[in-house]
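Each chain, letter by letter, is given below.
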Amino acid sequence: MTNTMKLEIATPEAMVYSADVEMVTLPGVEGQLGILPQHVRFMTQMVPGEMIVRSSGQDSFMAVGEGLVEVTNDRVSIATNMALACDKIDEAAAEEARLRAAARLREKLSSEEVASVNASLTRALAQLHVKRRHH
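The notes below deal with the structure included here. In this text, all values refer to a predicted model and were calculated from it rather than measured experimentally.

## As for the pairing of strand β8 (residues 67-72)
Taken residue by residue, a regular strand's side chains alternate between the two faces of the sheet. Both strand β5 (residues 42-46) and β8 contribute to a ladder of 5 bridges, which runs antiparallel. For Phe42, the partnering residue across the bridge sits in β8 and is Val71. Between the antiparallel neighbours β8 and strand β9 (residues 75-80) lie 2 residues.

If you want it as structure tokens, here you go:
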């Protein structure tokens, strides 16, 4: 039995992560999912929140957005609209985005605009949560 699996995270902009890891914990639609090597195959939806990646015995933390996750026995592939390592998060910019989204929600918006603003708000909140937890 192998001790690692390949983790690949792609956003619309780029492949943001590709490495062998020991464990991945991510926010799924039904709660936190812990994935180890040799996991049973499945696909699920990821929701905005915190992802924990264990590699070489060390945990690293990422803020992630919505996405799809495919798990095989030796690989976790994630397609998401956001994936930022904790040290790459600009706390001031995320707070500004949160305030902007909250202000927009007080305006009269169409249902499509509300959905877009809510998505922006959840991405900003995920970044702030990760950054503030791991200062």
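Now that the structure is up, let's keep going.
## Looking at the pattern of salt bridges
Following the criterion strictly, the structure yields 10 salt bridges and no others. A salt bridge links Arg100 to Glu96; the nearest nitrogen and oxygen atoms lie 3.1 Å apart. With Arg100 and Glu96 both in helix α1 (residues 91-105) and 4 residues apart, the pair spans about one turn of that helix. When salt bridges that share partners are traced, they join Glu91, Glu95, Arg98 and Arg132 into one network.

Reading guide: rules and limits
Residues numbered from 1 in each chain as written. Predicted model: local features only at pLDDT ≥ 70, side-chain atom pairs only at ≥ 80, totals over all residues. Heavy atoms only, no water. Pairing = 2+ DSSP bridges. Helix = DSSP H or I, 4+ residues; strand = E, 2+ residues; numbered from the N terminus. Salt bridge = Lys/Arg side-chain N within 4 Å of Asp/Glu carboxyl O.

Everything listed here is a matter of geometry and, on its own, says nothing about what the molecule does.
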